[in-house]
Amino acid sequence: QVQLVESGGGLVQAGGSLRLSCAASGSISSINAMGWYRQAPGKQRELAATITPPGSTNYADSVKGRFTISRDNAKNTVYLQMDSLKPEDTAVYYCNAQIRRAWSTYTNYWGQGTQVTVSS
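Residues numbered from 1 in each chain as written. Predicted model: local features only at pLDDT ≥ 70, side-chain atom pairs only at ≥ 80, totals over all residues. Heavy atoms only, no water.

**Q** Can you lay out the nonpolar core for me, pointing to particular residues and giving the numbers?
**A** Judged by nonpolar contacts, the single largest core of 30 residues is most densely connected at Trp36, Ile69, Val78, Leu80, Met82 and Tyr93. Every element with two or more residues in this core is listed here: strand 1 (2-7), strand 3 (18-26), strand 4 (30-39), strand 5 (46-51), strand 7 (67-72), strand 8 (77-82), strand 9 (91-100) and strand 11 (114-119). Broken down by element, the residue count for this core peaks at 5 residues, all from strand 9. Filtering out sequence-adjacent residues up to four positions away, Leu80 remains in contact with Leu18, Arg19, Leu20, Trp36, Ala49, Phe67, Thr68, Ile69 and Tyr93. (Core = buried A, V, L, I, M, F, W, Y, C linked by side-chain atoms within 4.5 Å. Buried < 20%, exposed > 50% of the residue type's maximum accessible area, 1.4 Å probe, protein only. Helix = DSSP H or I, 4+ residues; strand = E, 2+ residues; numbered from the N terminus. Contact = heavy atoms within 4.5 Å.)

**Q** Can you explain the state of the cysteines? Please cite residues and give values.
**A** In total, this model carries 1 disulfide according to the counting rule given. Note that Cys22 is cross-linked by a disulfide to Cys95, the S-S spacing being 2.1 Å. Given an S-S torsion of about -80°, the disulfide between Cys22 and Cys95 has left-handed geometry. One end of the pair, Cys22, is in strand 3; the other, Cys95, is in strand 9, with 73 residues separating them in the sequence. The two residues Cys22 and Cys95 agree in class, both being buried. (Disulfide = S-S within 2.5 Å.)

Okay, here's the thing in structure tokens:
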């Protein structure tokens, strides 16, 4: 059994900051890419940022320069530092990880989602 548990969402004013965390636990052999996706009301889920095990990152254009993704491989945890938040960043943020269990191939896992609301 593998779980991704997110924390750190909440309500913040425009221009403020939030830090999301996501910890993977369970029977894990290795983790490949980890990332954050978001889904605003009435919209499709979209990529926010991803990070590989060595630390290569990829960002959506809409968050570049404002969001920073990082990971702690020893703790199987990924973070998303969100600065200069805008009302359009309001969404449910989902953690994603490509995880390999013993005697298995890599599988995509998702967290339960954490709400981020930015007021104007």
